[in-house]
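One-letter residues, chain by chain:
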Amino acid sequence: MVYTAELKAGIGAVRKSLQEAGLGQQDPRFRAHGQHEPAAHAPLVLVACSGGRDSMALAALAVKVCPTLGLKCGAVIVDHGLQADSAQVSAQAVGRCQDLGLDPVVNRRVQVVQAAEGLEAAARQARYGALTAVAQELGADAILLAHTADDQAEGLLIGLIRSAGLKALAGMSAQSRRDGLLLLRPLLGLRRSQTTAICQQLGIRWWDDPTNGDRLDPQTPLPASFPLRSRVRHDLLPALSAFAGKDMGAQLARSARLAKDDQDYIDQEALRLLSSARCQQEPEPIGVLAALRVSVLKQAHPAVRAHAWACLFQSLNLAVSSQQIGQVDALVTHWHGQGRVTLPSFYSATRKGHVILICKDREHANR
Ligand SMILES: Nc1ncnc2c1ncn2[C@@H]1O[C@H](COP(=O)(O)OP(=O)(O)OP(=O)(O)O)[C@@H](O)[C@H]1O
C-alpha cells in the first residue's frame, strides 16, 4: 500500500484521537510500532458508519490504526428507514465494513418519530440513541464519528442562520460524552476532499446520500425542499468562497474550533459562578429549586452570568428565551422591586431581599 499524504494525515489523526482519549495504552507492548493482535478482552471502539465517503474512510483508517494500539475495531450502521432503499443502503455499508475487516459490524434499524424540532433533528436523536445502545450492549469504550472540517464550516453557517450568540458559532468537540459514552471525532482537521481521496486510493466504494445533492449541477441552486445542510454545502459555502476569493471552508472550520474553546471556557466559569452563588441554607423550602446570592452574581462578568442562567435552565430542562434570561438577569442588575419573572412549565424567578429564587409553582412542585 502506498502511504499517500491523505492516508498519512488520516492515520495520524485517528491514532492521535485514540491516544488522547487514553485508549490503546493499556499494555507496554503497544508502545512499540507495528501490528499487535488485540487480546480477547481488549477495548473495543466502534465506527459510526453511514456508508458515506467520510465514514467509509474513517472505517478504513480505524481498522488499520486500532490493531497497532491493541484495540478491537467494529462498526455500527443505523438504518433510519427514511428512504425507500434504506435497508439496502445499510446492508451495503455492513458488507463494505466487513470486507475491510471491522468486527463486529452491527446494523440497527430505528424508528424516527417526527417531532417539533424537525425530521433531521429527530433522525439525529434516534441515531445517537441507537449508537449508545449498541455501544452499551457490546461494552464498547468509544464511538468514532466521521465529522470533517467541512461539517464544522457548514455547522457554523447553519448556526448563524438559525440562532445567535457564541453557541451558534461553536463547533463540535473532538472529544465529548453523551449518556456516559465517549464520542471521538478524529477527522475534524481533515477536509472532505481528503476523505474522498482516501476512499479512492484504497478502492473503497461509498454511498452518496441523494438528499445531499452532491451529484446535481453545482451551478444550479438546490430547491428549497432540500435539507438546509445540503443547501449550505451545495450553494452557500461555494458562493461565500467565490465572494471572498478564497476557500472559506478552512477558515470557518477554524472559527468554529476557536468559538468552541471560548464557549467551553465560559461554560466552565458559569458553572463555577453557580456553585459559589448558591446559598448554603438547607433544606430549600418546597418548590425552590435554586437560591442564588445577588452579591456573588453581581460581581460576575455579564457574559458569564448569561451563560450561568442558560446552564441552570438547561439543567432544569427548561427552554427559556433570551428575553426571559434578560428579565431574570435584571433582578440582579436593575432591581427596582419588580415582580417575579414567569418561566415555562410553571417555573419562575423571584428576588427576595439579597437572594434570587428559582421556583416551581407550589401546586406543581410535587407532581
Ligand atoms: N446512518 C448512520 N449510521 C451510523 N452512523 C452515522 C449515520 N449517519 C451519520 N453517522 C455518523 O455521523 C457522522 C456525521 O453524519 P452526517 O450525516 O453529517 O454525515 P456526513 O458528513 O454526510 O458523513 P458521511 O459521508 O460519512 O455520511 C457520520 O460521518 C457518521 O460517523
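All values reported here derive from a predicted model rather than from experimental measurement.

**Comments concerning the overall build of the protein**
So, step 1. Helix and strand counts for the protein come out as 13 helices and 10 strands.
So, step 2. For the protein, the C-alpha atoms occupy an extent of roughly 75 × 55 × 40 Å along the three principal directions.
So, step 3. Relative to its full complement of 367 residues, the protein shows a buried share of 48%.
So, step 4. Within the protein, residue pairs in contact and separated by at least 24 positions form 66% of the contacts whose partners lie at least 6 positions apart.
So, step 5. Treating the 40 positive side-chain charges of the protein as one cloud and the 33 negative ones as another, the clouds have centres 4 Å apart.

**Let's talk about the packing of aromatic side chains**
So, step 1. With the rule as written, the count across this model stands at 1 aromatic pair.
So, step 2. Ring geometry for tryptophan 309 and phenylalanine 313: centres 6.3 Å apart, planes at 15°, overall stacked. Here the residue tryptophan 309 and the residue phenylalanine 313 both occupy positions in helix H11 (residues 302-315), the gap between them amounting to 4 residues, near one helical turn. Each member of the pair, tryptophan 309 as well as phenylalanine 313, carries the same accessibility label: buried.

**Points about the packing of helix H1 (residues 5-20) against helix H2 (residues 53-68)**
So, step 1. For the pair H1 and H2, interaxial distance at closest approach is 9 Å and the crossing angle is 60°. For the element pair H1 / H2, the angle class is oblique. Viewed along their axes, H1 and H2 form a crossing whose handedness is right-handed. Of H2, the residues touching H1 (which contributes Leu7, Gly10, Ile11, Val14, Arg15 and Leu18) are Leu58, Leu61, Ala62, Lys64, Val65, Cys66 and Thr68.
So, step 2. The residue inventory of the contact of H1 with H2, partitioned by class, reads 9 nonpolar, 2 polar and 2 charged.

**A word on the environment of serine 321**
So, step 1. For serine 321, the location among the structural elements is in the loop between H11 and helix H12 (322-333).
So, step 2. Along the primary structure serine 321 and proline 344 are separated by 23 residues, whereas in three dimensions their C-alpha atoms are 9.4 Å apart.

**Remarks on the site of the ligand**
So, step 1. Around the ligand sit 17 residues in total, of which Ala48, Ser50, Ser55, Val78 and Ala146 are the nearest.
So, step 2. In this structure, arginine 53 approaches the ligand through a main-chain N or O atom, which is 3.4 Å from an oxygen atom.
So, step 3. Between an oxygen atom of the ligand and a main-chain N or O atom of alanine 146, the distance comes to 3.0 Å.
So, step 4. Here the ligand loses 86% of its free accessible area of 580 Å² to cover by the protein chains.
So, step 5. Those elements that provide at least two residues to the shell around the ligand are H2 and strand S2 (72-79).
So, step 6. Classifying every residue of the shell around the ligand by side-chain character gives 7 nonpolar, 5 polar and 5 charged.

**Remarks on the sheet that holds strand S7 (residues 288-293)**
So, step 1. The strand order across the open sheet built from 4 strands is S7-S10-S9-S8, with neighbouring strands paired in antiparallel fashion. Here the strands that pair on one side only, and so sit at the sheet edges, are S7 and strand S8 (341-342).
So, step 2. When strand S9 (residues 347-352) meets strand S10 (residues 355-360), the two strands line up antiparallel, connected through 6 bridges. When the bridges of S10 are listed, serine 348 appears paired with cysteine 359.
So, step 3. In the packing of H11 onto the sheet, contacts are made with S7 and S10, and the angle to S10 comes to roughly 25°.

**Section: H12**
So, step 1. Its 12 residues place the ends of H12 16 Å apart at the C-alpha level, agreeing with the 16 Å of an ideal helix rising 1.5 Å per residue.
So, step 2. The complete set of buried residues in H12 reads Gln324, Ile325, Val328, Asp329, Ala330, Leu331 and Val332.
So, step 3. Buried residues belonging to H12 abut helix H10 (294-299), H11, S8, S9 and S10.

**Observations concerning the side chain of aspartate 79**
So, step 1. By secondary structure assignment, the location of aspartate 79 is in strand S2.
So, step 2. Taking relative accessible area as the criterion, aspartate 79 reaches 4% and is therefore assigned buried.
So, step 3. Here glycine 81 takes part through its backbone nitrogen, which lies 2.9 Å from a polar atom of the side chain of aspartate 79.

**Points about the state of the cysteines**
So, step 1. What the rule picks out here adds up to 0 disulfides.
So, step 2. Cysteine 97 takes part in no disulfide bond, and the closest cysteine sulfur, belonging to cysteine 49, lies 3.8 Å away.
So, step 3. Here cysteine 199 is not cross-linked by a disulfide; its sulfur's nearest cysteine counterpart is in cysteine 49, at 9.2 Å.
So, step 4. You can call cysteine 199 buried: its relative accessible area is 0%.

**Structural notes on the UniProt feature "domain: tRNA(Ile)-lysidine/2-thiocytidine synthase N-terminal" (unreviewed entry) in the protein**
So, step 1. The UniProt feature table records "domain: tRNA(Ile)-lysidine/2-thiocytidine synthase N-terminal" (unreviewed entry) at residues 45-214.
So, step 2. For residues 45-214, the end-to-end C-alpha separation is 30 Å, with 47% helix and 16% strand making up the annotated structure.

**Remarks on unusual backbone geometry**
So, step 1. Going from aspartate 103 to proline 104, the amide bond is cis rather than trans, its omega being 5°.
So, step 2. One can find proline 104 in the loop between helix H3 (86-100) and strand S3 (105-109).
So, step 3. Of note, the phi angle at asparagine 317 is positive, near 60°, even though the residue is not glycine.
So, step 4. Within the secondary structure, asparagine 317 is located in the loop between H11 and H12.

Thresholds applied
Residues numbered from 1 in each chain as written. Predicted model: local features only at pLDDT ≥ 70, side-chain atom pairs only at ≥ 80, totals over all residues. Heavy atoms only, no water. Helix = DSSP H or I, 4+ residues; strand = E, 2+ residues; numbered from the N terminus. Buried < 20%, exposed > 50% of the residue type's maximum accessible area, 1.4 Å probe, protein only. Contact = heavy atoms within 4.5 Å. Lys, Arg positive; Asp, Glu negative; His and termini not counted. Charge placed at Lys NZ, Arg CZ, Asp CG, Glu CD. Phe/Tyr/Trp six-rings, centres within 6.5 Å; stacked < 30°, edge-to-face > 60°. Axes fitted to C-alpha atoms, helices over the stretch in contact; angles between N-to-C directions. Parallel < 35°, antiparallel > 145°, perpendicular 65-115°, else oblique. Left-handed = near helix turned anticlockwise from the far one by under 90°. Nonpolar A, V, L, I, M, F, W, Y, C, P; charged D, E, K, R; others polar. Near = heavy atom within 4 Å. Polar contact = N/O pair within 3.5 Å; in protein donor to acceptor, adjacent residues only side chain to side chain. Areas by Shrake-Rupley, 256 points an atom, 1.4 Å probe, with all protein chains shown as cover. Pairing = 2+ DSSP bridges. Expected span 1.5 Å × (residues − 1). Disulfide = S-S within 2.5 Å. UniProt positions renumbered as here; feature names shortened; annotations may be inferred.

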